[in-house]
Every structure is written in C-alpha cells, then in structure tokens.
Amino acid sequence: MKINLGARVLLINSSTNLSKDGTKEYYNVAVEQNGQAGTLSCTDEVYKFLQSQENHCRFKFLDLHMVYDDQYRYLRVENATISKNQNMD
C-alpha cells in the first residue's frame, strides 16, 4: 500500500550519497519544520530541481509531495515546489 502525504517545510540543503560499492547514487533533502530538522530521501528529479533552483529555494519554504510505501518501508519525496507563501504561517 502506498500512502500520499503533503508537507510544508523549510529547505536547508540537498545532497547525494553513493552506495558502499559505488554503483548507486542516493538523493536527499535536509529540511526543518516546527523546530525539528531531518533528512528525507528524494527522487533524482526532485534533487535536480532543487539544484537548478539552489539560489532561489535554499532556506525557503517548499511544498512537498511524499509517498510512504509500507511494502518496501520507505518514505520518499516525489515532488517539490517553492511555496508561494514564504511566511511561517
């Protein structure tokens, strides 16, 4: 079962990591929400969007669309847009 989720977060950074054997690349976004910070897995498309917009979206609010897959037990950001509302509310 896949569950779709949405969230509004403050983008801190985006990054990549290589697998131990160096054959696979993983993409991540570091975000903050309500004083709590963490890292979420994201698709390569989301990572590329954030990198292309780096000067425009870093430390700005993003609207995220995420998917939780209970079969494979992952939560991943599938889409991100720069929030039109850049206020905390």
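Everything here concerns the structure above.
Cut-off values and rules
- Residues numbered from 1 in each chain as written.
- Predicted model: local features only at pLDDT ≥ 70, side-chain atom pairs only at ≥ 80, totals over all residues.
- Heavy atoms only, no water.
- Helix = DSSP H or I, 4+ residues; strand = E, 2+ residues; numbered from the N terminus.
- Rg over C-alpha atoms; globule rule 2.2 N^0.38 Å.
- Buried < 20%, exposed > 50% of the residue type's maximum accessible area, 1.4 Å probe, protein only.
- Core = buried A, V, L, I, M, F, W, Y, C linked by side-chain atoms within 4.5 Å.
- Contact = heavy atoms within 4.5 Å.
- Salt bridge = Lys/Arg side-chain N within 4 Å of Asp/Glu carboxyl O.

On to the overall build of the chain. Looking only at helices and strands, the chain has two helices and five strands in total. For the chain, the sequential pattern of α-helices and β-strands runs β-β-β-α-α-β-β. In terms of overall size, the chain behaves like a compact globule, its C-alpha atoms giving a radius of gyration of 13 Å where 89 residues would be expected to give roughly 12 Å. Across its three principal axes, the chain shows a C-alpha extent of roughly 40 × 30 × 20 Å. Of all 89 residues assigned to the chain, the portion counted as buried reaches 28%.

Next up on the list: the nonpolar core. Ranked by internal contacts, the top residues of the largest apolar core, which has 16 residues, are Val29, Leu40, Cys42, Leu50, Leu62, Leu64 and Val77. Sorting the residues of this core by element identifies β1 (2–18), β2 (25–33), β3 (36–42), α1 (44–52), β4 (61–69) and β5 (74–82) as the ones contributing at least two each. Beyond its immediate stretch of four places on either side in the chain, Val29 contacts Leu11, Asn13, Ser14, Gly38, Thr39, Leu40, Cys42, Leu50 and Val77.

A word on the pattern of salt bridges. All chains considered together, the criterion is met by two salt bridges. In this structure, Lys48 and Asp44 form a salt bridge, with 3.9 Å as the shortest nitrogen-oxygen distance. Placement of the pair is Lys48 and Asp44 together in helix α1, with a separation of four residues, close to one helical turn. Classification of Asp44 by relative accessible area gives partly exposed; the value is 26%. Measuring nitrogen to oxygen at the nearest pair gives 2.8 Å for the salt bridge that ties Glu78 to Arg76.

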